[in-house]
Amino acid sequence: MRPAVVALAFVIGILAVTQASLAGPQAPAGETMLAQASPTVSADQAADLVRARSGGRILDVRRENGDRGPVYRVKVLLEGGRVRIYRVDANSGRILE
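Summarising the sheet, strand S1 (residues 57-66) and strand S2 (residues 69-77) pair through nine bridges and their orientation is antiparallel. When the sheet's bridge partners are listed, Arg62 is paired in S2 with Arg73. From the end of S2 to the start of strand S3 (residues 83-89), which pair antiparallel, there are five residues, and Gly80 there has a positive phi angle of about 90°.

Attention now goes to the pattern of salt bridges. The tally for this structure, following the rule as stated, stands at four salt bridges. Note that Arg62 is salt-bridged to Asp60, the shortest N-O span being 2.6 Å. In this structure, Arg87 and Glu64 form a salt bridge, with 3.6 Å as the shortest nitrogen-oxygen distance. With Arg87 in strand S3 and Glu64 in strand S1, this residue pair connects regions lying 23 residues apart in the sequence. Classification of Arg87 by relative accessible area gives partly exposed; the value is 25%. Linked by salt bridges that have partners in common, Glu64, Arg73 and Arg87 make up one network.

Analysis parameters
Residues numbered from 1 in each chain as written. Predicted model: local features only at pLDDT ≥ 70, side-chain atom pairs only at ≥ 80, totals over all residues. Heavy atoms only, no water. Pairing = 2+ DSSP bridges. Helix = DSSP H or I, 4+ residues; strand = E, 2+ residues; numbered from the N terminus. Salt bridge = Lys/Arg side-chain N within 4 Å of Asp/Glu carboxyl O. Buried < 20%, exposed > 50% of the residue type's maximum accessible area, 1.4 Å probe, protein only.

Below, the structure is given as structure tokens:
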């Protein structure tokens, strides 16, 4: 009878560990974990897209959190000395403005 108890305890232990590992990462007590998807477009790719569209010189690229997800804010120096800000969707690569 004793080997049966040991075997049962072993199976219960394995099930507990398996269930905990399948549950995924846990947030500390009182905190909420937010899912953060990685953008599919890099900052360099966003700069290349804006450079091709505007023909200008890229001054700065920053990632921001927009209303609908991550965007890159790309600052460009245009011909004639004007500066323009473009926003590029970090997931699709679409130029928003």
